[in-house]
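Architecture and fold: a report
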Amino acid sequence: MAKTWILVANGSVAKLFEVEEHGHKVLLKQGFSHPNTTKKDVDIHSDRPGRSFSRTTRLRHAIDPSEDPKDHERHQFAVELGDYLAEALEDDQFASLIIVSSREMLGELRGALSPNVLKTVAHELAKDLLTQNLKDWEIAERIRNDLDLIHL
């Protein structure tokens, strides 16, 4: 039987659900967390920024990092999730995937998922359900309602 998985994620946590019994049962399969995303920038980048001389004067100024530390951590988390899903797909653990994620994380996931995993994506929903302190069954019910799915 072709299994459907639901990935619910934001930049720091994710939950992976498995749909069973023709959509009548949605069970938590795995939880993920990436605590670095919630840290302050100074805690992620403990080093002071480099310094450089100005081209026109003898003044020195700080060099801005090329990437926001939180964006970098969000990207790393998306890559971790993408690797997990690619491995699971290779092991035939699921055939269809629904992604429900914050907008920022959804963009990161699209770039981090392998082409084979992307082919399995049946639905996407840009919504962060994990910051609302919902129970797992409430998350499943929200997804059902938002995507107008009778059988999830």
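Throughout what follows, the structure given in this document is the object of discussion. (Residues numbered from 1 in each chain as written. Predicted model: local features only at pLDDT ≥ 70, side-chain atom pairs only at ≥ 80, totals over all residues. Heavy atoms only, no water.)

1. As for the sheet that holds strand β7 (residues 121–126)
In space, the 5 strands of this open sheet follow the order β3-β2-β1-β6-β7, with mixed pairing throughout. Whereas interior strands pair on both sides, the edge strands pair on one side only; in this sheet they are β3 (25–33) and β7. Ignoring which end each strand starts from, the neighbouring axes of this sheet average 15° apart. Note that strand β6 (residues 96–101) and β7 share 5 bridges and pair parallel. For Ser 101, the partnering residue across the bridge sits in β7 and is Ala 126. (Pairing = 2+ DSSP bridges. Helix = DSSP H or I, 4+ residues; strand = E, 2+ residues; numbered from the N terminus. Axes fitted to C-alpha atoms, helices over the stretch in contact; angles between N-to-C directions.)

2. Overview of the pattern of salt bridges
Evaluated as defined, the whole model comprises 6 salt bridges. In this structure, Glu 124 engages Arg 110 in a salt bridge whose closest nitrogen and oxygen atoms are separated by 2.6 Å. Residue Glu 124 is found in strand β7, and its partner Arg 110 is found in helix α3 (residues 103–112); the two are separated by 14 residues along the sequence. Take Arg 110: its relative accessible area is 44%, and that puts it in the partly exposed class. (Salt bridge = Lys/Arg side-chain N within 4 Å of Asp/Glu carboxyl O. Buried < 20%, exposed > 50% of the residue type's maximum accessible area, 1.4 Å probe, protein only.)

Structural measurements only, silent on function.
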